[in-house]
Amino acid sequence: MIPPCHYFQMGCCTKGAACKFSHSHAASRSRQEDTLRMEALRLQVEYYLSDENLLTDNFFQDLIHSSEGGWIAIESFLGCPRIHQLRATATELIAALRWSKQLRLREWPQGKEAVCRTSPPPKPKVHATTVPVPAGEDTLEFRPLKLLRDFTKGWQAVVEDVDRRSFCFVKRTSAPEDVLRQEFDLLLSSGHWQTLTSKTGAVTRSTAWYVSPGCCCRYVYGDTAVLPRDKPRWLADVEARVLGELCGLREDEWPNSVNMNLYEDESQNVGWHSDDEGLFRGCQADCRIISASWGASRRFEVAVKDRNHVSGKPSVFYDTLNSVTLNSGDLCTMEGLFQKHFSHQVAKGNSVESPKSSDSTNSESMASPEETSRYRSARINLTWRYIVSHRSYCRRSRPDGESPRLQPP
Ligand SMILES: O=C(O)CCC(=O)C(=O)O
Ligand SMILES: [Fe+2]
């Protein structure tokens, strides 16, 4: 078929019969139909990802939140009723979306083309019926709970859900940049880092696990067990600053374990989970977890657990999602029954700010370029926790604290 002449369609072809493109009205009509069809497809996808639709559309909210950077595979649209009705192919959708001013199209790798919003999605409307409020958690009046904000000032609420007795607070940094950089370098170089990998073998992050003397409880992630080490001396100053000065806790009130995470860059992450290991009994009793961050900024997300998700897998109610950017030096707490009712994650690819350099100390100029770039791209997070139920092989599980009943498996 001879392709239509654009100039003829615009009424300005000067070639007349000599033109090698078609001047037939049928060709022109079919071109117009193609254009209209492309426009319909583009508008439909733009609508699916619009603020208006995302307020109530959990399907696309789930896809946006479960993918790195909010990219949605073009394939995901093919099964949507309107796109299906138009019998659109992936190639057509890609061609249509090249013209979108609202959405960003990624055309590589071939076969994995995807589209994303140029702005963060809106928070979905909370439907009273979607998130059941569990009855029966004790109110703070009935059973008081000492929150960290009762010890020191400066905590902002991320979650303050009294019905679920669940709390998450953030405290912005007050430490000088050179102190944070020195602590970052110390943690990076002295931590006994063990890499964790996904099912496909990719490194998701590195971790280290420290406990108080006499405890030998392992920290278990799926198939991987992390061996405990005694809390090292080099951690003492960091603990004194974070737990003592910033949280206002006496030394005998400090948590007896700390889990360290190292995210080399924003491709490394920790997916939705709760810190519900038996060690901490966070689903049975009030449980306080204190975290501090160094290096690159990352987004920390929290949402109410959805135990009956249609997929059969644990999920969250995205309409309850709250997020906070944790910058170098910031503290964050999860308290009360937060681990019972909420999940949390550090998603991939959402680093938004790198740590600032300090003018007053000129610390950046003293650091090697390699150290500087690590501090800008990598993030270290420490989460201090209280082990209240030691593993049966740990001598701390015995009331008299003597030798273990069982050997570690
Ligand atoms: O890196 C963080 O901020 C969170 C780490 C975390 O959730 C964990 O170690 O269980
Ligand atoms: Fe966690």
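In the block above lies the structure referred to throughout.
Quick caveat: nothing in here was measured; it's all calculated off a predicted structure.

A. Quick peek at the overall build of the protein chain. Within the protein chain, the regular secondary structure consists of 12 helices and 19 strands. For the protein chain, with 409 residues in total, the buried portion stands at 44%. In the protein chain, once contacts between residues fewer than 6 apart in sequence are set aside, the share between residues at least 24 apart is 71%.

B. Quick peek at the side chain of R241. Locating R241 in the fold gives a position in helix α9 (residues 236-246). Overall, R241 belongs to the buried group, its relative accessible area being 11%. Those residues in contact with R241 that lie beyond four places of it in its chain are A175, V179, L180, E183, L246 and W294.

C. Highlighting the coordination of the iron ion (ligand 2). Here the iron ion (ligand 2) is held by H273 (NE2), D275 (OD) and H344 (NE2), and the distances to it run 2.1 to 2.2 Å. Coordination of the iron ion (ligand 2) draws on donor residues from a single chain, spaced H-x1-D-x68-H in sequence. Remark: H344 occurs in strand β18 (residues 342-346) and H273 occurs in strand β12 (residues 270-273); sequence separation between them is 71 residues.

D. Representation of the site of ligand 1 within the structure. Taken together, N259, N261, Y263, H273, D275, F300, H344, V346, R379, N381 and R385 form the complete shell of residues around ligand 1. Taking Y263, its side chain carries an N or O atom lying 2.6 Å from an oxygen atom of ligand 1. Those elements that place two or more of their residues in the shell around ligand 1 are β11 (257-263), β18 and β19 (379-385). Tallied by class, the residues present in the shell around ligand 1 amount to 3 nonpolar, 5 polar and 3 charged.

E. Quick look at the sheet that holds strand β3 (residues 114-117). The strand order across the open sheet built from 3 strands is β1-β3-β2, with neighbouring strands paired in antiparallel fashion. Each edge of the open sheet is held by one strand with a lone partner, namely β1 (72-73) and β2 (103-106).

F. Representation of the environment of L180 within the structure. The residue L180 is located in helix α8 (residues 177-190) in this model. Looking at L180, the relative accessible area reads 0%, which means it is buried. Through-space distance from the C-alpha of L180 to that of S293 is 9.2 Å; in sequence the pair is 113 residues apart. Apart from the residues within four sequence positions on either side, L180 is in contact with T173, A175, R241, W294, S328, G329 and Y375.

G. Structural context of helix α7 (residues 90-97). For α7, the complete set of buried residues consists of L93, I94, A96 and L97. Projected onto a plane normal to the axis of α7, the buried residues spread over an arc of 165° and lie on a single side.

H. Just the pattern of salt bridges, in detail. Here the structure, examined in full by the defined rule, presents 19 salt bridges. One salt bridge in this structure joins K231 and E239, with 3.0 Å as the shortest N-O distance. On the accessibility criterion, K231 (23% relative accessible area) is partly exposed. Judged by its relative accessible area of 6%, E239 falls in the buried class. In this structure, a network of salt bridges that share partners links the residues D138, R143, R165 and D286.

I. Region of interest: the nonpolar core. Residues V242, W294, I380, L382 and W384 are the most contacted members of the largest nonpolar core, which totals 33 residues. For this core, the secondary structure elements donating two or more residues are β5 (166-171), α8, β7 (203-211), α9, β11, β13 (289-295) and β19. Counting residues in hydrophobic clusters, the runner-up holds 32 residues, among them V158, Y221, V270 and V324.

J. Spatial organisation of the packing of α8 against helix α12 (residues 369-377). Remark: α8 packs on α12, axes separated minimally by 11 Å, with the N-to-C direction vectors making an angle of 95°. Judged by the angle between their axes, α8 and α12 are roughly perpendicular. Contacts from E177, L180, R181, F184, D185 and L188 of α8 reach α12 at E371, T372, R374 and Y375. Of the residues assigned to the contact of α8 with α12, the class counts are 4 nonpolar, 1 polar and 5 charged.

K. Inspection of the environment of L63 at higher detail. Within the secondary structure layout, L63 lies in helix α4 (residues 58-66). Sequence separation between L63 and A73 is 10 residues; the distance between their C-alpha atoms is 9.0 Å. In this view, L63 contacts I72 and S76; residues no more than four positions away in its chain are not counted.

L. Spotlight on the packing of aromatic side chains. In this structure the tally under the stated criterion is 12 aromatic pairs. A centroid spacing of 4.9 Å and a plane angle of 75° characterise the contact between W209 and Y219, whose relative ring orientation is edge-to-face. In this pair, W209 sits in strand β7 while Y219 sits in strand β8 (residues 219-221), placing the two residues 10 residues apart along the sequence. For W209, a relative accessible area of 1% translates into the label buried. Residues W209 and F280 carry aromatic rings whose centres are separated by 6.4 Å and whose planes lie at 85° to one another, so their mutual orientation is edge-to-face. Of this pair, W209 sits in strand β7 while F280 sits in the loop between β12 and β13; the two residues are 71 residues apart in sequence, bridging distant segments of the chain.

The rules behind each value
Residues numbered from 1 in each chain as written. Chains lettered and ligands numbered in written order. Predicted model: local features only at pLDDT ≥ 70, side-chain atom pairs only at ≥ 80, totals over all residues. Heavy atoms only, no water. Helix = DSSP H or I, 4+ residues; strand = E, 2+ residues; numbered from the N terminus. Buried < 20%, exposed > 50% of the residue type's maximum accessible area, 1.4 Å probe, protein only. Contact = heavy atoms within 4.5 Å. Donors = N, O, S within 2.8 Å, 3.2 Å for Na, K, Ca; no water. Near = heavy atom within 4 Å. Polar contact = N/O pair within 3.5 Å; in protein donor to acceptor, adjacent residues only side chain to side chain. Nonpolar A, V, L, I, M, F, W, Y, C, P; charged D, E, K, R; others polar. Pairing = 2+ DSSP bridges. Arc of directions from axis to C-beta. Salt bridge = Lys/Arg side-chain N within 4 Å of Asp/Glu carboxyl O. Core = buried A, V, L, I, M, F, W, Y, C linked by side-chain atoms within 4.5 Å. Axes fitted to C-alpha atoms, helices over the stretch in contact; angles between N-to-C directions. Parallel < 35°, antiparallel > 145°, perpendicular 65-115°, else oblique. Phe/Tyr/Trp six-rings, centres within 6.5 Å; stacked < 30°, edge-to-face > 60°.

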